[in-house]
Structure formats: structure tokens, C-alpha cells
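# An overview of the molecular structure
Each chain, written out:
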Amino acid sequence: MRNFTMNGKNKIFGLNRAIFQTINVRQRKEALTWNKHFGQPTVMQKLRLPYLGNCYCKNYFSTSATSFQNTSNPFLQQIVESSKKRTIRKRIKPTETQEDTGQENKNKYNVLAYATAVEYDLEKLVNGFKKQGLYCPTSMKEENLEDVLHVSARYQVGHDPREIYLFREGAVVFWNFRELERENVLTFLKSFEEGSYDSELVLEESEALTVIEINGGTKTRMTNSGVIYLNTEDPADFEKYAFSNAIAQSVKLAIWESSLSSFIGKIEDITEDLKSSGKISLSRQDVLRKQGELFALRHSINLSSDLLDTPDFYWDRENLEPLYRSTYNYLNISKRTKVMNEKLSHCFDLIELISDKLTDKHHIRLEWMIIVLIMIEVLFEILHFIH
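Notes on the structure in this doc start here.

What counts, and where the lines are drawn
- Residues numbered from 1 in each chain as written.
- Predicted model: local features only at pLDDT ≥ 70, side-chain atom pairs only at ≥ 80, totals over all residues.
- Heavy atoms only, no water.
- Buried < 20%, exposed > 50% of the residue type's maximum accessible area, 1.4 Å probe, protein only.
- Helix = DSSP H or I, 4+ residues; strand = E, 2+ residues; numbered from the N terminus.
- Pairing = 2+ DSSP bridges.
- Core = buried A, V, L, I, M, F, W, Y, C linked by side-chain atoms within 4.5 Å.
- Contact = heavy atoms within 4.5 Å.
- Salt bridge = Lys/Arg side-chain N within 4 Å of Asp/Glu carboxyl O.
- Axes fitted to C-alpha atoms, helices over the stretch in contact; angles between N-to-C directions.
- Parallel < 35°, antiparallel > 145°, perpendicular 65-115°, else oblique.
- Left-handed = near helix turned anticlockwise from the far one by under 90°.
- Nonpolar A, V, L, I, M, F, W, Y, C, P; charged D, E, K, R; others polar.

### Some words on the pairing of strand β8 (residues 171-175)
Two faces make up the sheet, and in a regular strand the side chains alternate between them. With respect to burial, β8 is a largely interior element, five of its five residues being buried. Burial of β8 is two-sided: the residues A171, V173 and W175 facing one way and the residues V172 and F174 facing the other way are all buried. Relative to β8, strand β7 (residues 163-167) runs antiparallel, the two being bridged by five bridges. Opposite Y165, over in β8, you have V173 as the bridge partner. Here β7 hands over to β8 after three residues, with G170 in that stretch at a positive phi of 95°.

Right under this line is the structure:
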């Protein structure tokens with residue numbers, strides 16, 4: 001990650017963007033003044049940053065900053081604590097490198113993906129597009145893709161075709177669509193959604209990549225910088241599907257990441273209550289509800305999606321699997337899924353602890369009720385014996 005520096009003597013040793021985004025402007029200015037807290041820094045050691053979500057968090061600092069972690073200064077402790085929290089998932093905007101520019105006058109456009117709902121009703125969508133008359137829907141059932149709908153625009157705007165790939169799990173991928181037209185299509189899709197997501201969340205967790213069309217010379221591919229090079233001499237429907245499949249999984253995973261982050265935020269108060277007073281403010285019904293949320297999220301990630309393995313569609317299509325895998329790896333889907341499962345495991349441990357505590361409390365209450373009833377029965381027997 002890039003270190004933040006300033007001209008002159010004011011430097012900061014390794015605070016990355018993930019930390020800087022969690023503190024306000026006044027604190028940033030204080031942090032950038034190194035001499036105020038540390039004096040002149042020594043040579044900094046470059047460290048590998050572990051991946052978390054779609055951004056990076058620094059678990060270690062430079063060797064010259066040991067005093068930073070152990071300091072009693074409340075401002076510095078706030079920075080360390082802030083770095084542990086989940087940061088907003090950042091997207092890497094694809095940039096065209098010099099080695100990628102092999103031909104001139106290339107057609108360049110964007111591909112954007114959104115996860116707008118839990119599920120689409122594709123059968124009704126086909127009829128909806130036909131009635132609308134602006135787009136031509138094409139089913140991909142012949143290729144064993146029953147959960148995908150390919151839509152192309154009937155009217156040409158510019159030189160490149162405009163296409164949409166809709167996935168039953170609630171994700172849509174636009175190829176070469178302008179913003180106004182994308183918004184109109186997203187509004188049209190709301191009538192065919194089941195379990196729609198919040199509009200702000202949909203836009204926040206969208207994904208965008210750059211596509212450059214080439215005329216022969218090289219095969220369709222994705223570069224390490226995230227640019228898709230599309231060979232227009234060959235039919236590109238399935239190549240676009242391979243890219244779209246991975247991008248759709250990425251935005252769907254982003255929605256689940258946001259849901260888990262929201263869940264973690266809700267249970268932070270519970271951990272604070274346990275830490276300070278040792279009491280639990282939740283009822284057994286609330287705990288069961290939260291367990292249901294976690295199980296539903298784990299089921300969606302590990303059982304209802306292809307995040308953990310390559311879909312069967314690519315097993316006998318060797319030309320498409322590299323396109324899917326390259327996009328899958330570029331978007332770090334595997335690492336993000338692993339992090340999600342680790343977080344889910346920690347949440348399950350906490351909820352199970354609370355559930356066991358409430359169960360024990362319920363059992364103790366029942367035992368006392370039984371004891372009281374026995375005492376009442378004994379009292380009646382004594383009174384009966386006296387009389």
C-alpha cells in the first residue's frame with residue numbers, strides 16, 4: 001500500500017487508506033505531523049498486507065513504530081482501534097498499461113454489474129421485455145444455462161452492440177450501456193424482483209470494468225490491470241457470459257459482505273454489555289432470529305452459489321474457463337469468500353455462547369420454580385399435619 005507523505009519533515013510511517021478513512025479531517029492533520037508524536041522517523045520496512053474484503057488492512061506496522069502500538073496516547077489508540085474495523089470495500093479501477101496498447105483506434109466501453117434483488121423471475125422477464133419492445137431476450141437453456149437470460153438491444157446506438165446478462169440470483173450485467181439507459185432498465189426490473197435490495201446499497205456495491213475491442217491478432221482475455229480485451233472477429237456471446245458470470249458473483253458477494261457487516265454492527269453492543277456488566281439484553285427469540293440470519297447467509301454463500309468452485313458449465317469448455325478464472329481471481333472472490341466464512345464462524349461462536357447462557361438461565365429459573373412449588377407443598381403438608 002502507498003504510504004502518505006508530505007513535503008519537508010512532516011511524514012507518517014505507514015498509515016494506509018483503510019485507517020485514514022476511519023478518522024476525521026482534524027485527526028488526519030494531526031496524524032500527518034510526525035514530529036508532534038514521534039520525532040523524526042527511521043527507515044520504514046515494507047510489509048505484505050493481508051487481504052480483507054476488497055480492500056487491505058494493515059495488521060503490522062513498521063519496526064520503527066513499535067511505540068505506536070504500545071503508546072498510551074488516546075488519539076493514537078483510536079487509530080489502532082479504527083484500523084481493526086471493517087472499511088468500505090474499495091474497487092480497483094482498471095487502468096490501461098502501456099503493454100496493453102498494441103493497436104490504435106480501439107473501441108472502448110464499460111461493463112457494469114449490479115445485484116439488485118434476492119432473485120429474478122426470468123420467465124416473467126422474458127414476457128416483459130417482449131411487451132416492452134426495446135430489447136430482444138434470448139434464453140440460454142440450450143447450453144444448460146437455465147438461470148441466465150441474455151438480452152440485446154433492438155436499436156443500435158453507436159457502433160458497438162448493447163447487451164445485458166441477467167442471472168436468476170438477482171444480478172444484472174450491462175455491456176456498453178450509458179447511465180440513463182441503465183437506470184431505466186434497473187427501474188424496469190423492479191417489477192420482476194423478489195426481495196429487492198436498498199437502492200443506495202445496490203449502487204454502492206456495483207462493479208465496473210473496462211472493455212476494449214480488438215480486431216484479430218490476440219485472443220479475448222483479461223489483463224492483470226483488469227481490462228477486458230474482446231476479439232470482435234469471433235462470436236463473443238459466451239466470452240461475455242464468462243466475464244459476466246464472475247462479475248455477477250462478485251457483486252452478489254459484495255451484498256452479502258455488506259449484510260454481514262451490518263449484522264456485526266448490531267451485535268457490537270451485545271459484546272460491550274458482556275464485557276462491562278456480564279448481562280445479556282437479548283431474549284431467546286431474538287437469539288434464534290439472529291441464528292437464522294447467520295444460517296441463511298452461510299447457506300447463500302456456501303450452498304446456493306458457485307463461489308467455492310468453478311461452475312460445471314466450464315468443465316468441457318476449455319476456452320471459456322480461463323476467462324472466468326481470470327475475472328474471478330482479479331476480483332479476489334476466493335479470498336473474500338474465505339474471509340466471509342471466518343467472520344461467520346466468529347459470529348456463530350458469539351451467538352452460541354449467548355444462546356447457551358440464556359438456556360442455562362432458563363433452566364435455573366425452572367429449577368427455582370420447582371423448588372418453590374415443593375416448598376409450598378411441604379408447607380401445606382405441615383399445616384395439614386398441625387390441624
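That covers the picture; the talk isn't over yet.
### A closer look at the nonpolar core
By size, the foremost hydrophobic cluster in this structure holds 80 residues, and its most contacted members are L125, F129, L166, V172, W175, L189 and Y241. If you tally residues by element for this core, the top one is helix α8 (residues 237-276), at 14 residues. V172 has contacts with L112, A113, Y114, T116, Y120, I164, Y165, L166, L186 and L189, leaving out every residue within four places of it along the chain.

### Topic: the pattern of salt bridges
All chains considered together, the criterion is met by eight salt bridges. The partner of R168 in a salt bridge is D147, and the shortest N-O contact between them spans 2.7 Å. Here the residue R168 occupies a position in the loop between β7 and β8, and D147 occupies one in strand β6 (residues 145-153), the gap between them amounting to 21 residues. Under the relative-accessibility criterion, D147 is labelled partly exposed at 41%. Across the salt bridge formed by E163 and K240, the nearest N and O atoms sit 2.3 Å from each other. Separated by 77 residues along the polypeptide, E163 in strand β7 and K240 in helix α8 bring together distant segments of the chain. Here E163 and K240 have matching classes, each one buried. Here the residues in one salt-bridge network are E123, D147 and R168, joined through shared partners.

### Things to note about the packing of α8 against helix α9 (residues 284-302)
Taken N-terminus to C-terminus, the directions of α8 and α9 make an angle of 155°; their axes are 11 Å apart at the nearest point. In terms of orientation, α8 and α9 fall into the roughly antiparallel class. The crossing of α8 and α9 is left-handed. The segment α8 lies against α9, with W256, L260, F263, K266, I267 and I270 engaging K290, E293, L294, L297, S300 and I301. Partitioning the contact of α8 with α9 into residue classes produces eight nonpolar, one polar and three charged.

### Regarding the sheet that holds strand β5 (residues 135-140)
Across the sheet, eight strands lie side by side as β5-β6-β7-β8-β3-β10-β12-β11; this open sheet has mixed pairing. Two strands bound the open sheet, and with one partner strand each, they are β5 and β11 (221-222). The sheet contacts of helix α5 (residues 122-132) involve β5, β6 and β7, and relative to β6 the element is tilted by about 15°. Packed on one face of the sheet, helix α6 (residues 179-189) meets β3 (107-115), β5, β7 and β8 and runs near 155° to β8.

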